[in-house]
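The lines below spell out each chain.
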Amino acid sequence: MAATTFAPGPAPTRLTRLRDLPRRGLVAGGGHVREICGTWGANGELHWMLQLVELRGPEGILHLPPDAAHVLAGIGGPQVGIGPGAAVGLRKERVMHYAGAFLELHRPRLRAAELSRVLVLSSVPARATPSLVFSDLHGTTPLPADVRALVVRSGRVSAGGSTATAMEALVLPDETRGDGAVVPGPGAVADDARVLLVVG
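All of the points below concern the structure found in this document. Note that the structure is a prediction, hence the values are computed from the model and not measured. (Residues numbered from 1 in each chain as written. Predicted model: local features only at pLDDT ≥ 70, side-chain atom pairs only at ≥ 80, totals over all residues. Heavy atoms only, no water.)

1. Looking at the pattern of salt bridges
Between side chains of opposite charge, a pair can form when the charged atoms approach closely.
Phase 1: In the structure shown here, the tally under the stated rule is six salt bridges.
Phase 2: Between arginine 117 and glutamate 54 there is a salt bridge, and its shortest N-O distance comes to 2.8 Å. Here arginine 117, found in strand E10 (residues 116-123), pairs with glutamate 54, found in strand E4 (residues 46-63); they are 63 residues apart in sequence, far enough to count as distant. There is no split in this pair, since arginine 117 and glutamate 54 are both buried.
Phase 3: A salt bridge links arginine 194 to aspartate 136; the nearest nitrogen and oxygen atoms lie 3.2 Å apart. Here arginine 194 is found in strand E15 (residues 187-199), whereas its partner aspartate 136 is found in strand E11 (residues 131-142), with 58 residues between them in sequence.
Phase 4: Arginine 194 gets classed as partly exposed once you look at its relative accessible area, which sits at 21%. (Salt bridge = Lys/Arg side-chain N within 4 Å of Asp/Glu carboxyl O. Helix = DSSP H or I, 4+ residues; strand = E, 2+ residues; numbered from the N terminus. Buried < 20%, exposed > 50% of the residue type's maximum accessible area, 1.4 Å probe, protein only.)

Put into structure tokens, the structure is as follows:
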């Protein structure tokens, strides 16, 4: 009788509650940053990383990974000015590319304590080239294999055995097999969800 070999199933989708993630202070200014997910090589070299910056005061500075390209997305709170002199405004639902070793954030002095929230996707082009895309999900929908993670802004999304609501993220498993073939990503069930996808 031939021996039976059991192949391991795909890793489950990981649910991450953004408010529960450890936070560290910005290099300067009032606010902090939380690391959501990413991929690193065997020697610790960065492939890509997604971070959440929460700005509380009128300004803040974040140190960015060297040799990386960056994409920013506004996901909550008052508009933030980007760069020296706050030359470019980043509002909610807007995505922009950014280059530099430091990310300078500015906003007006506000009486309200509401945080300005910005997602920062950093990637080393020679190793990975993901992007950020806002999308509306309704009902049963397939997620393509090149979706690495999704952050829920509103509504509810279930995929791979996990369910995420606002200010939560689903981190999808790496579905690339050893022979280099890529299998389809998991299907999702959404309830009027507005999400930000990490794609590519």
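2. Quick look at the pairing of E15
Phase 1: Relative to E15, E11 runs antiparallel, the two being bridged by 11 bridges. Looking at E15, one finds that serine 135 is bridged to valine 195. (Pairing = 2+ DSSP bridges.)

3. Considerations on the pairing of strand E5 (residues 69-76)
Phase 1: Counting buried positions along E5 yields seven of eight residues, so the element is predominantly enclosed.
Phase 2: Across seven bridges, E5 lies against E10 in antiparallel orientation. Bridging from a neighbouring strand, alanine 69 pairs with serine 123 of E10.
Phase 3: In terms of strand pairing, E5 meets strand E8 (residues 95-98) through four bridges, oriented antiparallel. Following the sheet pairing, leucine 72 is matched in E8 by methionine 96.

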